[in-house]
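Close look at the chain arrangement
As a plain string of letters, each chain reads:
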Amino acid sequence: MAGILPVERCFAPKKLEQTEEDSKMYKRYAEIVYSLPLVDSWGTKLAMYKGFWLLHEILPGIMAFHDHFKGRRTDIILTAIPKAGTTWTKALAFAILTREVNHPSSPTHPLLGFNPHSCVTTLEYLYMGRENLMPDADVLKESPRLFATHMPFSLLPKSIVESRAKIINVSRERKSTFVSNWKFFNDIWSENVPKNLDLEKCVELFASGISYCGPEWVHRAEYTNALSTNSNLLLLSYEEMMEKPVENVKKMADFMGCRFTDDEVKLGIVDEIVKLCSFDNLKKQQVNKIGRSYSKMNNKHFFRKGEVNDWANHLTPEMVINLDKAGQGTN
């Protein structure tokens, strides 16, 4: 855990002055995006890129991340398809990794004043280029570096895989992932223009593979299949993490290379981290009620219920069948 600073991760990464080469690079990426199959879906535009539906507006950043990110063996990369537990996993990993400088019971812990998405940089946004500036991928100098991404395994930069960086993947039951996506997009779009994404239509879209980073089953399969050749990959289940948070926090720490000592366990540090990062605790923090992360999104949208099997309160039996059968015979 040496080198981790208590506050630096809680701000958007700084940007470097744009070069002519950077400008040409983003122009080339934009031209590629314009040539891709595009659909108006989920209240936004999704483009088909290398087998996955991705948000067209951040695709240049995804391409730059894929082409230019330099992974290190000491890196820790959190991966999950959107709405499968990313916010919670970021909070847990950050609390685990920085516990020597940020005691989990401290009233000034960064997670009490900053959203988890501001504490752990999402790699797609590190290279966004939205301000036409090429960010410095190594702006966070500490080691190990902690990042996150929604990208499927096949779209991770080669340097992440080849460097043997530690990759943690969290998956969630498909129907829960779907409902969380549906609620999330309904909420964020309705802030500006009243909008109600039709549930039945969204079920059909999701079951046909059209969703951010979908098809969901292909995204999941890529990480599952990669486990056979990658000892530096840890697969976690959102549902199991909810059922056994202490055991899974210990598992994460072991894998991340910062195992809890016997004394830490006896002093209740693991339990303190679970309490700090619990859904109810994070949701009630002022920053997650009225604040915004550096992705410009209201933090409140990252905290809905966090319940297992909440899908049963929203889906009809026909919708359940449709989602359960999705992807059968395509793998």
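Numbering of residues begins from 1 in every chain and follows the order in which that chain's sequence is written. Local features in a predicted model are, by the rule used here, given only for residues with pLDDT of at least 70; side-chain atom pairs are given and counted only at 80 or more, and totals for whole chains, interfaces and linings are based on all residues. Side-chain measures here rest on the full set of heavy atoms in the structure, leaving out hydrogens and waters.

The protein chain carries the name Sulfotransferase in an unreviewed UniProt entry, which gives Zostera marina as its organism. UniProt positions are given in the numbering used here, feature names are shortened, and annotations may be inferred rather than shown by experiment. Quoted verbatim from the Sequence similarities (unreviewed entry) heading of the UniProt record, the comment on the protein chain is "Belongs to the sulfotransferase 1 family."

Right, let's talk about the overall build of the protein chain for a bit. Labels follow the DSSP assignment, with helices taken as runs of H or I lasting at least four residues and strands as runs of E lasting at least two, numbered in each case from the N terminus. Each helix and strand in the protein chain was counted, giving 16 helices and eight strands. Residue burial is assigned from relative accessible area. The probe radius is 1.4 Å, only protein chains are included, and a residue is buried under 20% of its type maximum, exposed over 50%, and partly exposed in between. Counting the 331 residues in the protein chain, one finds 55% classified as buried. In the protein chain, the proportion of contacts linking residues at least 24 apart, taken out of those at least 6 apart, comes to 77%. Accessible surface for the protein chain amounts to roughly 15300 Å². Of this, 52% is attributable to carbon and sulfur atoms. Contacts are residue-level and defined by heavy atoms, with any inter-residue pair within 4.5 Å sufficient. Each accessible area is a Shrake-Rupley result for a 1.4 Å probe, and residues are judged covered by the shown protein chains and nothing else.

The next point concerns helix α16 (residues 317-325). When α16 is considered as a whole, its buried residues turn out to be Met319, Val320 and Leu323. Axial view of α16: buried residues confined to an arc of 100 degrees, hence all on one face. Opposite the buried face of α16, at more than 90 degrees from it, the exposed residues are Pro317, Glu318 and Lys325. Of the residues flanking the end of α16, it is Gly327, one or two places downstream, whose phi is positive at about 80 degrees. What the arc measures is the spread of directions leading from the helix axis to the C-beta atoms.

Right, let's talk about the packing of aromatic side chains for a bit. Pairing of aromatic side chains here covers Phe, Tyr and the six-membered ring of Trp, requires ring centres within 6.5 Å, and sorts the geometry by plane angle: under 30 degrees stacked, over 60 edge-to-face, intermediate tilted. As enumerated under the stated definition, the model contains ten aromatic pairs in all. Ring plane angle 90 degrees and centroid distance 5.5 Å describe the contact between Phe69 and Phe147, whose orientation is recorded as edge-to-face. Pair noted here: Phe69 is in the loop between α2 (59-68) and β4 (76-79) and Phe147 is in strand β6 (residues 146-149), with a separation of 78 residues, a long-range link. With relative accessibility at 2%, the residue Phe69 sits in the buried group.

This part covers a negative patch on the surface. On the surface, Asp198, Glu200, Glu204 and Glu318 cluster together into a patch of negative charge. By the element assignment, Glu318 lies in helix α16. Candidates for patches are residues over 30% relative accessible area with no salt bridge; among them, like charges are joined within 9 Å and nonpolar side chains (Val, Leu, Ile, Met, Phe, Trp, Tyr) within 5 Å. Salt bridges, as used here, are contacts in which a Lys or Arg side-chain nitrogen is within 4 Å of a carboxyl oxygen on Asp or Glu. His is not counted, nor are the chain ends; Lys and Arg add positive charge and Asp and Glu add negative charge. We put the charge of a Lys on NZ, of an Arg on CZ, of an Asp on CG and of a Glu on CD.

So, on to the packing of helix α3 (residues 86-97) against helix α11 (residues 245-256). Angle between the axes and distance between the axes: these two values describe a pair of packed helices. Here α3 crosses α11 at 60 degrees, and the two axes come no closer than 10 Å. With respect to each other, α3 and α11 are oriented oblique. Two packed elements cross with a definite hand, and for α3 against α11 that hand is right-handed. Along its contact with α3, which presents Thr89, Leu92, Ala93, Ile96 and Leu97, the element α11 presents Val249, Met252, Ala253 and Met256. Any residue outside Ala, Val, Leu, Ile, Met, Phe, Trp, Tyr, Cys, Pro, Asp, Glu, Lys and Arg is labelled polar, Gly included; the first ten of those are nonpolar and the last four are charged. Among the residues forming the contact of α3 with α11, the class breakdown is eight nonpolar, one polar and no charged. Each axis is a line fitted through C-alpha atoms, taken for helices only over the stretch in contact, and angles between the N-to-C directions span 0 to 180 degrees. Between 65 and 115 degrees an angle is taken as roughly perpendicular, under 35 as roughly parallel, over 145 as roughly antiparallel, and anywhere else as oblique. Crossing handedness follows the turn of the near helix against the far one: under a right angle anticlockwise gives a left-handed crossing, and clockwise gives a right-handed one.

A few words now on the sheet that holds strand β7 (residues 166-171). Strand pairing in a sheet is mediated by backbone hydrogen bonds. Such pairs are either parallel or antiparallel. Each pair of strands is called paired provided DSSP finds at least two bridges between the two strands. Reading across the sheet, the five strands line up as β5-β6-β4-β7-β8 and stay open at both edges, with parallel pairing between neighbours. A single partner strand is all that each edge strand has here, and the edge strands are β5 (121-122) and β8 (233-237). For β4 and β7, the ladder comprises four bridges, and the chain directions are parallel. Bridge pairing links Leu78 to Ile168 in β7. Packed on one face of the sheet, α11 meets β4, β7 and β8 and runs near 170 degrees to β8.

If you trace the backbone, Lys90 turns up in helix α3. Buried charge Lys90 goes without a salt bridge, the closest partner of opposite sign being Glu124 at 8.0 Å. If we skip the residues at most four places from it in the chain, Lys90 touches Leu78, Pro116, His117, Val120, Thr122 and Ala148.

Close contact between helix α8 (residues 199-207) and α16 brings their axes to 9 Å; oriented N to C, the two are set at 15 degrees. One element, α8, and the other, α16, form an angle in the roughly parallel class. As α8 packs across α16, the resulting crossing turns out to be left-handed. When α8 is examined against α16, the residues Leu199, Glu200, Val203, Glu204, Phe206 and Ala207 are found in contact with a partner set consisting of Met319, Asn322 and Leu323. In terms of residue class, the contact of α8 with α16 is built from six nonpolar, one polar and two charged.

In this structure, the amide linkage connecting Gly214 to the following residue, Pro215, adopts the cis form with an omega of 10 degrees. When you line up the elements, Pro215 lands in the loop between α8 and α9 (216-226). Phi at Lys50 is positive, roughly 50 degrees, even though this residue is not glycine. Although it is not a glycine, Arg164 sits at a positive phi angle of roughly 65 degrees. Its relative accessible area of 28% is what places Arg164 among the partly exposed residues.

With antiparallel pairing, three strands are arranged side by side in an open sheet as β1-β2-β3. Whereas interior strands pair on both sides, the edge strands pair on one side only; in this sheet they are β1 (38-41) and β3 (52-55). With strand direction ignored, the average angle separating the axes of adjacent strands in the sheet is 40 degrees. With four bridges joining them, strand β2 (residues 44-49) and β3 adopt antiparallel strand pairing. Its bridge partner lying in β3, Tyr49 is registered against Phe52.

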